[in-house]
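Residues per chain are reported as follows:
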Amino acid sequence: MAADPLRKPFVVKSTRTRDVTIAVVAGIALLAFVVWGILHMSQDVTGHSLLTGKIVSKHFEPQPEEQLSLGKGGLDEKNLDGIYTMEVRTPDGQTYKVFVDKPVYDSHQPGDELSFLPPPPRQP
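Residues numbered from 1 in each chain as written. Predicted model: local features only at pLDDT ≥ 70, side-chain atom pairs only at ≥ 80, totals over all residues. Heavy atoms only, no water.

A.B. asks: Would you mind going over a nonpolar patch on the surface with me for this structure?
C.D. replies: A cluster of nonpolar side chains, Leu30, Phe33, Val34, Trp36, Ile38 and Met41, forms an exposed patch at the surface whose accessible area comes to about 700 Å². If you trace the backbone, phenylalanine 33 turns up in helix α1 (residues 17-41). (Patch = residues over 30% accessible without salt bridge, like charges linked within 9 Å, V, L, I, M, F, W, Y side chains within 5 Å. Areas by Shrake-Rupley, 256 points an atom, 1.4 Å probe, with all protein chains shown as cover. Salt bridge = Lys/Arg side-chain N within 4 Å of Asp/Glu carboxyl O. Helix = DSSP H or I, 4+ residues; strand = E, 2+ residues; numbered from the N terminus.)

Quick look at the structure:
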């Protein structure tokens with residue numbers, strides 16, 4: 001059955017000022033929440049919790065390893081010589097074993113200062 005071209009279209013009554021105001025306020029609130037979330041996500045989270053101390057010793061444990069990772073640029077191959085660690089003593093007297101990359105290991109000597117993330121709390 002074909003639609004009758006002479007039939008009048010269904011017209012919705014115009015919206016009231018109250019409905020428009022509620023919609024605009026809800027839209028602004030939603031936009032403000034999204035902007036707030038984006039701004040707080042981009043803040044440096046780790047900047048406030050870094051520990052700093054003096055390097056007591058450096059250790060290298062040879063463990064040749066080849067790491068493959070698949071990412072946006074395709075397959076990436078990385079050859080590692082081994083595990084680089086440093087023992088760092090903080091001003092409160094605690095000594096931490098810090099795992100570092102080769103460039104950090106090569107650029108620091110015992111007695112230098114090193115900032116690092118604290119280890120996660122231990123689970124009982």
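A.B. asks: It is not clear to me how the nonpolar core should be interpreted in this structure. Could you clarify?
C.D. replies: Nonpolar side chains tend toward joint burial in soluble globular proteins. Core analysis: the biggest nonpolar cluster contains 10 residues, these being Ile55, Tyr84, Met86, Val88, Tyr96, Val98, Val100, Tyr105, Leu114 and Phe116. Elements supplying a minimum of two residues to this core: β2 (74-89), β3 (95-100) and β4 (113-116). Among all residues touching tyrosine 96, those that are not within four sequence positions of it are Leu51, Met86, Glu87, Val88, Thr90, Phe116 and Pro119. (Core = buried A, V, L, I, M, F, W, Y, C linked by side-chain atoms within 4.5 Å. Buried < 20%, exposed > 50% of the residue type's maximum accessible area, 1.4 Å probe, protein only. Contact = heavy atoms within 4.5 Å.)

A.B. asks: How should the pattern of salt bridges be read in this particular structure?
C.D. replies: When the charged atoms of two side chains with opposite charge come close together, those side chains can pair. Going through the model one piece at a time under the given rule, you end up with 2 salt bridges. In this structure, the salt-bridge partner of aspartate 19 is arginine 18, at a minimum N-O distance of 3.8 Å. Assessed through its relative accessible area of 34%, aspartate 19 is described here as partly exposed. In this structure arginine 18 comes out as exposed when scored by relative accessible area, which is 56%. Aspartate 106 is the partner of lysine 102 in a salt bridge, and the nearest nitrogen-oxygen pair spans 3.0 Å. Of this pair, lysine 102 and aspartate 106 both sit in helix α2 (residues 102-107), 4 residues apart, roughly one helical turn. The partly exposed category is assigned to lysine 102, whose relative accessible area is 37%. On the basis of relative accessible area, aspartate 106 is assigned to the partly exposed category, the value being 44%.

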